[in-house]
Amino acid sequence: MPDDGNRYELLNGTISLIVTPTWQHQLVSREVFLPLDRWVEQIGDGDTLYAPIDVVLANRDVVQPDVAYVDEEHLIHVRGGRVYVAPQLVVEVISLTSRSRDSVEKPMRYAQAGTTEYWLVDPLLETIAVVTLIETLYVERAPNDDGTISSVVLSGLTLDPAAIFARVNDRMRRTTQVDQIG
Amino acid sequence: MVANARRATIADLDAMPDDGRIYELLNGEISMAAAPTWRHGVTVLAIRDVLHAWVRPSRLGVVQVAPIDVILDDDNVVQPDVIFVERSQLSSAASGRYIGAPTLAVEVVSPTSRGRDSVQKSQRYARAGIREFWLVDPDNRTFDIYTLVDDFYQPVPLLTDGRIESVVLPGLIFDPADIFAEVDDQTP
């Protein structure tokens, strides 16, 4: 593909163009990434990165997760600038144009490749659904009683979706908003 | 990874109370969902009507709506909102439940189950070999049809006029906007 500044993904051998994310999408992505990154820094095991970064799940599947965590032992599979292993944890933030890919097409492939934990962040509903791999299928982890969510891969890490979206909404209020979630 | 003492089975599912909630078995775990909302129910019936109107005159098969247990395997018993079973597969329902993969399954998502429905169900339906999957979100007015290609669901593109055509029921072409209009008309 041309180096034209556009981002592309390959799913089942089909190339698709990724639409540039919106300010809100990036705020959400950032608010999820920051505590993850801080946690990983603290435990000193692996690295967390945010899009765009190519993750090669299979010959016909090259994806760009919004946030990906690769533990220390698998960092060796990052080579030539690409990730050639299923990240242990992947976060996808739903946007208008990525909803179907994030909720149906990509999780099937992450599961097959062996990504242990998948977070589906829904800015419209202000929810974060956590699913973890049991054998080859994802099973939803219910949120904690207080509404927070806990990671299985990053054991001990707990996030509060309400606080995350409150921070996003605070920041969005300083922008000129149109009636659309991107 | 999971600290369950033991895996739940179909027998455990049968033992759940008849309290109006929806119980399913996902990977050996009992999963509970609240009874659906008015809008959800109206959407299910609108979709059922479209399918039924198409398959009934030619007796192509049977359309069913939830609650009906679909036993995908010993660990996964689900209740899709609507299923279509082609006539040659009807014997799979002889026990009173449907055993195996229906030809088509429809999930109408509600805000609280959106993540679960789309991620968990699509993956299980694909693995079970359900050839077509409709994912409908009446709150956000999205209507997606997926077809099984090499064990993965691939979205079926809209026709140029905005309508969409089923793959397992070729010739069944409709406009999702008409379905949502029908839903709006019956929702307070």
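Enquirer: Even after reading the chapter, I still don't get the overall build of chain B, so can you show me in this structure?
Expert: Helices and strands together make up the secondary structure of chain B, namely four helices and 13 strands. The C-alpha atoms of chain B give 16 Å as radius of gyration, which agrees with the globular expectation for 188 residues (16 Å, within 12%). By its C-alpha atoms, chain B is 55 × 40 × 30 Å across when sized along the principal axes. Per-residue burial over chain B gives 38% buried out of 188 residues. Taking all contacts inside chain B whose residues are at least 6 apart in sequence as the whole, residues at least 24 apart take part in 51%.

Enquirer: Can you walk me through the sheet that holds strand S11 (residues 127-134) of chain A in this structure?
Expert: Strands pair in a sheet through their backbones, by hydrogen bonds, and they do so in one of two ways: parallel or antiparallel. Residue and element names in this part refer to chain A. A sheet is described by the order of its strands in space; here six strands give the open sequence S3-S6-S9-S10-S11-S12, paired in mixed fashion. Two strands close off the open sheet at either side, each with one partner strand: strand S3 (47-50) and strand S12 (137-141). Adjacent strand axes in the sheet meet at a mean angle of 20 degrees when their direction is disregarded. Docked against the sheet, helix H1 (residues 23-43) engages S3, strand S6 (67-70), strand S9 (89-93) and strand S10 (117-122), running at close to 170 degrees with respect to S3. Strands in contact with helix H2 (residues 99-113) are S9, S10, S11 and S12; relative to S10, the strand with the most contacts, it is inclined by about 170 degrees.

Enquirer: Honestly, the interface of chain A and chain B in this entry has me stumped. Any pointers?
Expert: Bring the parts together and some accessible area is lost; that lost area is often taken as the interface size. Each partner contributes residues to the interface: chain A has 23 residues there, and chain B has 26 residues. Put simply, the parts of the chain that give the side of chain A that touches chain B at least two residues each are H2, S10, S11 and S12 of chain A. If you tally residues by element for the side of chain A that touches chain B, the top one is H2 of chain A, at eight residues.

Enquirer: What exactly am I supposed to notice about the pairing of S12 of chain A here?
Expert: Walk down a regular strand and you will see the side chains alternate between the two sheet faces. All names here are of chain A. Bridge analysis of S11 against S12 gives five bridges, and the strand direction is antiparallel. Across the sheet, leucine 133 pairs through a bridge with tyrosine 138, a residue of S12. Between S11 and S12, which pair antiparallel one after the other, the connecting turn spans two residues, and glutamate 135 there sits at a positive phi close to 55 degrees.

Enquirer: I would appreciate a short explanation of the packing of helix H2 (residues 38-55) of chain B against helix H4 (residues 176-185) of chain B in the present structure.
Expert: Packed helix pairs are specified by the crossing angle of their axes together with the interaxial distance, meaning the distance between the axes. All names here are of chain B. Closest axis-to-axis distance for the H2/H4 pair is 9 Å, and the angle between their directions is 135 degrees. Comparing their axes, H4 and H2 come out oblique. Here the hand of the crossing between H2 and H4 comes out right-handed. Together, Arg39, Val42, Thr43, Ala46, Ile47 and Val50 of H2 and Ile179, Glu182 and Val183 of H4 make up the contact between the two elements. Split into classes, the residues belonging to the contact of H2 with H4 amount to six nonpolar, one polar and two charged.

Enquirer: Explain the confidence of the model for chain B here, please?
Expert: Regions with low pLDDT carry predicted coordinates that are not meant to be interpreted in detail. Of all residues in chain B, 97% attain a pLDDT of 70 or more, and the chain-wide mean is 90. The ipTM value of the predicted complex is 0.78, and its pTM value is 0.86.

Enquirer: Looking at this structure, I do not really get the sheet that holds strand S11 (residues 152-155) of chain B. What am I missing?
Expert: Residue and element names in this part refer to chain B. If you trace the six strands from one edge of the open sheet to the other, you get S3-S6-S8-S9-S10-S11, paired in mixed fashion. Looking at strand neighbours, the two that pair on one side only are strand S3 (61-65) and S11, the edges of this open sheet. Between one strand and the next, the sheet's axes are offset by a mean angle of 20 degrees, whatever the strand orientation. When S3 meets strand S6 (residues 82-86), the two strands line up antiparallel, connected through five bridges. Paired with valine 63 across the two strands is phenylalanine 84, which belongs to S6. Across the sheet, H2 lies against S3, S6, strand S8 (104-108) and strand S9 (132-137), angled at about 175 degrees from S3, the strand it touches most.

Enquirer: Would you mind going over unusual backbone geometry with me for this structure?
Expert: The omega angle of the peptide bond from alanine 51 of chain A to proline 52 of chain A is 0 degrees, so this bond is cis rather than trans. Mapped onto the elements of the fold, proline 52 of chain A is located in the loop between S3 and strand S4 (55-58). For glutamate 126 of chain A, which is not glycine, the phi torsion reads 55 degrees and is therefore positive. On the secondary structure map, glutamate 126 of chain A appears in the loop between S10 and S11. Owing to 15 C-beta atoms within 10 Å, glutamate 126 of chain A belongs among the partly exposed residues under this scheme. With a phi close to 50 degrees, aspartate 150 of chain B is a non-glycine residue in the positive phi region. Among the structural elements, aspartate 150 of chain B can be located in the loop between strand S10 (142-149) and S11.

Rules and cut-offs
- Residues numbered from 1 in each chain as written.
- Chains lettered and ligands numbered in written order.
- Predicted model: local features only at pLDDT ≥ 70, side-chain atom pairs only at ≥ 80, totals over all residues.
- Helix = DSSP H or I, 4+ residues; strand = E, 2+ residues; numbered from the N terminus.
- Rg over C-alpha atoms; globule rule 2.2 N^0.38 Å.
- Buried ≥ 20, exposed ≤ 12 C-beta atoms within 10 Å, placed from the backbone.
- Contact = placed C-beta atoms within 7 Å.
- Pairing = 2+ DSSP bridges.
- Axes fitted to C-alpha atoms, helices over the stretch in contact; angles between N-to-C directions.
- Parallel < 35°, antiparallel > 145°, perpendicular 65-115°, else oblique.
- Left-handed = near helix turned anticlockwise from the far one by under 90°.
- Nonpolar A, V, L, I, M, F, W, Y, C, P; charged D, E, K, R; others polar.
- pLDDT = per-residue confidence, 0-100.

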